[in-house]
Each structure stands twice: as structure tokens, then as C-alpha cells.
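In case you want the letters, here they are:
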Number of protein chains: 4
Amino acid sequence: MTELNARVGRPRSEQARDAVLHAADDLLLEVGYAALTMKGIAERAGVGRQTVYRWWSTKAEILFEASVADAEEELSVPRDPVPLADLTSYLGALVTFLAQSPAGAAYRTLLAAAQHDPAVKELIASRDVLTDSTRSVLARNGLPASDDAAARVIGPPFFWIMSGRPPADFPTATLARDLLHALTMDG
Amino acid sequence: MTELNARVGRPRSEQARDAVLHAADDLLLEVGYAALTMKGIAERAGVGRQTVYRWWSTKAEILFEASVADAEEELSVPRDPVPLADLTSYLGALVTFLAQSPAGAAYRTLLAAAQHDPAVKELIASRDVLTDSTRSVLARNGLPASDDAAARVIGPPFFWIMSGRPPADFPTATLARDLLHALTMDG
Amino acid sequence: MTELNARVGRPRSEQARDAVLHAADDLLLEVGYAALTMKGIAERAGVGRQTVYRWWSTKAEILFEASVADAEEELSVPRDPVPLADLTSYLGALVTFLAQSPAGAAYRTLLAAAQHDPAVKELIASRDVLTDSTRSVLARNGLPASDDAAARVIGPPFFWIMSGRPPADFPTATLARDLLHALTMDG
Amino acid sequence: MTELNARVGRPRSEQARDAVLHAADDLLLEVGYAALTMKGIAERAGVGRQTVYRWWSTKAEILFEASVADAEEELSVPRDPVPLADLTSYLGALVTFLAQSPAGAAYRTLLAAAQHDPAVKELIASRDVLTDSTRSVLARNGLPASDDAAARVIGPPFFWIMSGRPPADFPTATLARDLLHALTMDG
DNA sequence: GCATAAGCGAGACGGTACGTCAGGTCTTACG
DNA sequence: CGTAAGACCTGACGTACCGTCTCGCTTATGC
């Protein structure tokens, strides 16, 4: 028995955990990150404030836990045997994720918060779901799967969306073509 | 007469304005954006709270006014007659600005805040100093100075720094070469 | 020459003085003493704030100046040759003044303010218009015109109104009769 | 069960309540009513501002709660079998209460505030401790215990103290004698 | 008749209290 | 011992008024 005393007392309520994660997701879309409060999350979830603080330190941690799984799923596009088509469709998913998805909103928000909050920075660094998925797409198309290659894929759509431009106007096809050419040279 | 009543009452104190802008700059570096408060700025500046609210609505507005001028200066690199060298040195300045400069920190912070604050988004949109300077560098090297060309220049270093990687590791030269090639084709 | 340089410069504006006094009177009735502010008085009077501060230090001083003249007039009842009738009609005027008149409201307010503001206490002490008029009524009816005789006349209606009871219910006649009897004995 | 949910959550802190009431009492004497602030009371009591606002809306309510009990005690003089002596000693207690006692200062202050604050007026009307105690003294001496009889007892010393005269100079004995005579006639 | 001087309305200045809100901690009773 | 409830202290919020200080202007006197 490695966890002799682990089961002493009332077990954690899965119901409370889910309620908190959903409340955080909902409130992020409704009121935005700045107006998102631990108090508000607890009240929306119908949960005591202490229960929230017991399991998460900050609203960023809640958002992170709430969005990582969704993010992974939304970014996993089916592989296309033609590299150009594969990369293009992935870039499209990236733009959609960043601009439209609740999990994408959480990602942008967390990266933003990380700029002035070391704890969030560490959280993000521990699991950068965007870089990870991009590297796997590069790898499966025989391209270099380095961090800087990933940054060259993610960067343009990321800046595009972060600076508030319409996702539809982003030149996905052109970028895919150029990246494929450039990264093939590099490798 | 455009400003008939402009000189009624005590005129605005330039001294107070400067004190507020500098206080905001200093405090951003010292305590970060989240802990930056209107109250704190006013106290650091030795200024009444009302005086801050009289001229700026939010801490974002103060930071914006405080950083725009600095940003423009730091991003204006002397032109190199060789396009590759010119673009490379500009990319270097971009990385340095984003990663090291107080004005760059303010820029990252504001773009972050814009993700959940429409007022900040509008502010940024009214004067995106990064896109502007990039477009002018592209133009002077005979490259297409569109918004999406700019996004392809800014995006990679922007994501690199935003996700907390070391500025020194960013592949400035490679990116400059590839961009020059790709954008020449597009044009 | 007592006032050699007294007439140098622009003379005081009587118009501004009147506007301030009336504004104070009006605002006292409209918003009450607590919500009466120097700023509000100045704005209502259409006068600069400095002009108010130049001539009065506190809102109490303004009210005092605004009400003393009115008070004296309202409390000067025509003499009745029959002492009981004279005293009765004066008591009636007293009740009406305290309960209904704007100047009476100002008097109650100032006496209230005097309880915790020594400056107001001194102001009132310098000219207690209620005690003065009462003493003169006592004197003209051959009664002792001491301060404590005055207090015995003023006290009951004063407490009655101060504690918020309806003026009509105050037993003017009974009090006048008893006072006349008691004070005659004392003298 | 009238208070089914009364015991849910952390119970109110009696310690905080007492600290606030004492702080209000102390500060009233130290700085006066005008300079008495909710913020100051909270700080002096070592209590959060929200805790004060949670239980009391205004400084007047705090003073009222702080003084009523004291007032009742200070005004309950032991009965003297001789009516004149009983009334005289009660009048003495009244003067002392109004002029010297902290609770008396609170009473004067509240009656003052009631002149321009309907909420305070209602508060006072709900429990006029001065009128109540006076009526009971009148009753136990076989005199009419009406509101206007009470006003004739309280009025003179009340006006005396309110207008700032020395308590020692108030003619307690004369007033007691005259009142006894007059009210006996009325009854 | 022009300088000097003081009063004028306007409005910005550095402060401070307002009443509210969220933070994070604590203390209950219940399950 | 986890939970919901809710009171606790702390401290920032944005507003109002404080009393003071410039401004440009007006309106007197007096050299």
C-alpha cells in the first residue's frame, strides 16, 4: 500500500471539479479574463470558495486545466498524404482554434497572462499544446520538428489573430507553400 | 477659431503628465501589469488619483501613451543598402525590442490585454506601431508591404518571445533569408 | 484715514454675494446640511469656488449670514398689551419659525453643527437670535429677562420640534400661562 | 423554527461588534461627529471596512447602538419618596447626561443629525430614550406622563446645553419647583 | 490714460473619504 | 475530512468634495 492514508475522509467531489471547470470556461467567454474572478467562478459553479482554492491557486490554473484537453482535440487534424495539403489544413485548424474556439481563447489569454505572471509562464512552458501539435505535424511530413520551425508555423497566424484581424483574411495557402519550401531547404 | 474656450481655467500640468507616464513605465517593470494599479501609479507619480482619471481611463491607456514614442524610436534601424542585411538587422531590433525593452514589454502587455478588453483592442488597432514599422522596412526593400507580409515577419519572433524562449536563440538570419525569398516570389 | 488702500482694485460683487446666500438657502432645503457643499453652493450660484472661499470659510458661516436677518424679522411679533396674549403669540411665532421657516431650519442646523464644531459654536454664541428676541419679549412684559428665563421659554418648543413632533400639537397656550405664573413668582 | 438557516456559515464576531462600538464612542469624543468617518472607525477598531458596512449603514446607526444602553443607565436615578426631590435629582441627572456623558454627546449629535437626515430621524423616533425616561419619572410622581409634559421637563436643560451654556449654571431647583406646580395643576 | 491691484469664473492640482467589490483566510454545521 | 455558507481583514476600485493654485478677464483707483 503506497497510499495508506490517502482515502481517509470525504473523497474529492468530481461533481464540484467539473462544475468549476465549466463555470470558468463559460465565464471566460461571457465576461473576459480580467473580469473573471475566483469568487465568480465559485458562485457560478455553486461551490464554496474554499473548495476552489483547495484545488487551484489561480484562475489561470483553472483555465489551463479546463482547456488543455479541448485544445489537443481541436488541433489534431487527420493526416493528409500530400504534405502541402496536410500543412495547409493544419494551418486552417490553427487559425480556427485561435480565433473561434473557447479553448483557443483560453490559450491566448494564458499566454497573455504569462507575460507578467511567472507562475503562468511556467504552467504554459510545462505543456505548450500549440508547439507540441505543430511539431508532430512537421515531423509526419518529413520536415524539421524544431522549436524554431514550429515558431515559424505558429507565429504568423498567432500574431494575426492576437492583433485582432479577421481569421478569414489570413493567407493560409501562401504561408503553407512558402513554409514547405523554406523548411525543406533548411532540413 | 477651433479652440475658443481652450484657455479657460488652469492649464494642464505637463509635469504631472510626465510623472504619470514615467511612473507607469517604472511600475510595469517592477511589479508587472496585473499588480499595476491606477492608485499605485498616482502615488508613485506624486499626483492625485483624480488627476490620473481626468486624462486616462485605464492603465492600458497610460501604458500606450507612455510606450508609443519609445517604440517608434527603438524600431527605426538605419537602412542598409543590402536588403538581406537590412531585413536581418530589423529582425534583430524586433527581437530585442520585444524581449528587452520596457516599451516592448508594454507592447506585449497591451496586446495581451486587448484579448479580453475591446477598448484596448481599439487602442492598439488605432496605432499598431509594430506593423507600421515593419511595413515601412518591407517597402524600402522593394517587398510587398501588406498586412499579411508584415504578419509573416513579426509573427515568428513575436510568438518566440511571447512563449518565453530566450531571444538569443531566435534564428534571425534564417528567417530573414527565407522571408526575402518568399516575399520576392509573392510580389 | 482708516481705510487708505481699502478701495484699490475691483470692488466686491454684491451680485455674487447674494447669489451665494440664496444658493445656500435653497440647497439647505433641497439636499440638507450634510449634502450641502461649498462646491455645490458655488456651482448653484454660478460663481467661482475661490469667490466663495474668499468671503466665507465654511458652509456654516454662509448659512449664518443668510439666515440671521430673516430670523430677526420672523420672530418680531407685534406687541399685545395683554402679557398672556403677547407671550402666547410669541410662542406661536417661535414654533412656526423653528418648524416651518427656512431660517428656522438654518438655525436648527447651525445649533446642531455647533455641537461638534467649536467655530460654529462661537458663531452662534456671538449672536443668538432666538435668546435675544425672547429676552426682549420677556422684558416688555415685565418678566425677568435672564438667560435661564429665556431657556425656559425656548426649551420646550425647541425640543418638541427638534425631536420631530408636529408643530400643531405643541401646547402653546398652556405653556404661556404656566410660564407667566412661574416667572412672575421668580421676579 | 423561525431561524432555520441562521446558523449557516461563520457566525458574527462579537469581538468585532464591540470593537466598532467602542471605536465609534472614542472617536466621537476625540474628533467630533463631522470628522467621524466609517473608515476611521474601522481602522481604530482594527476591523475591515466591509465588516462595518455589513452591520451598519451609517455612522449615526453605530452611535445609536453604542449609546442607547449607556443612556438608559445614566438616566435611571433612584426614586426619592419626595416628588420635588425626585424631580430635582432627575433634572440634575439630565443636565449631567447631556453635558458630560459620552452617551449624552451621542444623543445631542444624533438629534442634530436627525434635522437633515430622515433615516436618523426615524432611528431616534423609534427609541427616544430621553422622553421615555422622563415620562416614567413623571408617572412615578403622580404627574401627567404625556409627551408635552416630558417636553416641558427636557426642553429647558436641553436648549441650555445645546446652546453651549455651562451646566452648573442651570437652575435645576427652580425649574423642578415650577414644573411640579404647573403639572399638578394640569393633571 | 495707462499702470496697478483686486475680484471674477473656470478648472486643474494633490489629497482623503466615500461605498463597493474581490482577494484569500477563517470558522461554523452538515454529510 | 470535504463540503457550502458566509464572516473576517485587506486593499483597489472610480467618484465626490476638500481647499489651493493658476489662468485670462474685468473693473475699479490713482499716478
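None of the values given here were measured: they were computed from a predicted structure.

Draft legend 1. How the structure looks around the protein's contact with DNA strand E. The environment of DNA strand E is made up of 43 residues, and the closest members are Gln50 of chain A, Arg10 of chain C together with Met38, Gln50 and Tyr53 of chain D. When the atoms of DNA strand E within 4 Å of the protein are grouped by moiety, sugar and phosphate amount to 64% of the total. At a separation of 2.6 Å, a base nitrogen of DNA strand E approaches a polar side-chain atom of glutamine 50 of chain A. A distance of 3.3 Å separates a sugar or linking oxygen of DNA strand E from a polar atom in the backbone of arginine 10 of chain B. Residue assignment for the surface near DNA strand E shows that the elements contributing at least two residues are α2 (38–45) and α3 (49–55) of chain A, α3 (49–55) of chain B, α3 (49–55) of chain C together with α2 (38–45) and α3 (49–55) of chain D.

Draft legend 2. The nonpolar core, seen in detail. Among the nonpolar cores identified, the biggest contains 128 residues, and Phe158 of chain A together with Phe158 of chain B are the most heavily contacted of them. If we skip the residues at most four places from it in the chain, phenylalanine 158 of chain A touches Leu98, Tyr107 and Leu111 of chain A together with Phe158, Phe159 and Met162 of chain B. Counting residues in hydrophobic clusters, the runner-up holds 127 residues, among them Ala114 and Phe159 of chain C together with Ala45 and Ala66 of chain D.

Draft legend 3. Spotlight on helix α8 (residues 129–140) of chain A. All names here are of chain A. Compared with an ideal rise of 1.5 Å per residue, which puts 12 residues at 16 Å, α8 spans 17 Å between its outermost C-alpha atoms and is within 8% of the ideal. Buried within α8 are the following residues: Val129, Leu130, Thr131, Ser133, Thr134, Val137 and Leu138. The residue sitting at the N-terminus of α8 and contributing the capping side-chain oxygen is aspartate 128; that oxygen lies 3.1 Å from the backbone nitrogen of leucine 130.

Draft legend 4. The arrangement of the packing of helix α5 (residues 83–100) of chain C against helix α8 (residues 129–140) of chain C in detail. All names here are of chain C. Direction vectors running N to C along α5 and α8 enclose 170°, while the axes themselves pass 10 Å from each other. With respect to their mutual orientation, α5 and α8 come out roughly antiparallel. On α8, the residues that touch Asp86, Leu87, Tyr90, Leu94, Phe97 and Leu98 of α5 are Leu130, Ser133, Thr134, Val137 and Arg140. Across the contact of α5 with α8, the residue classes tally to 7 nonpolar, 2 polar and 2 charged.

Draft legend 5. Representation of the interface of chain C and chain D in the model. Taken together, the 37 residues of chain C in the interface contact 37 residues of chain D. Of all residues in chain C, Gln115, His116 and Phe159 of chain C give up the largest surface area on contact with chain D, accounting jointly for 21% of the area buried on that side. Aspartate 128 of chain D is the partner of arginine 165 of chain C in a salt bridge, and the nearest nitrogen-oxygen pair spans 3.6 Å. Taken together, chain C and chain D are joined by 10 residue pairs in polar contact (both at pLDDT 80 or more). Contributing elements (two or more residues each) for the side of chain C that touches chain D: α6 (102–114), α8, α9 (147–162) and α10 (172–186) of chain C. The greatest single-element share of the side of chain C that touches chain D, amounting to 12 residues, is contributed by α9 of chain C. Of the residues contributing to the side of chain C that touches chain D, the split by class is 17 nonpolar, 10 polar and 10 charged.

Parameters and conventions
Residues numbered from 1 in each chain as written. Chains lettered and ligands numbered in written order. Predicted model: local features only at pLDDT ≥ 70, side-chain atom pairs only at ≥ 80, totals over all residues. Heavy atoms only, no water. Near = heavy atom within 4 Å. Polar contact = N/O pair within 3.5 Å; in protein donor to acceptor, adjacent residues only side chain to side chain. Helix = DSSP H or I, 4+ residues; strand = E, 2+ residues; numbered from the N terminus. Core = buried A, V, L, I, M, F, W, Y, C linked by side-chain atoms within 4.5 Å. Buried < 20%, exposed > 50% of the residue type's maximum accessible area, 1.4 Å probe, protein only. Contact = heavy atoms within 4.5 Å. Expected span 1.5 Å × (residues − 1). Axes fitted to C-alpha atoms, helices over the stretch in contact; angles between N-to-C directions. Parallel < 35°, antiparallel > 145°, perpendicular 65-115°, else oblique. Nonpolar A, V, L, I, M, F, W, Y, C, P; charged D, E, K, R; others polar. Buried area = accessible area lost by both parts, 1.4 Å probe. Salt bridge = Lys/Arg side-chain N within 4 Å of Asp/Glu carboxyl O.

In short, shape yes, function no, at least from these values alone.
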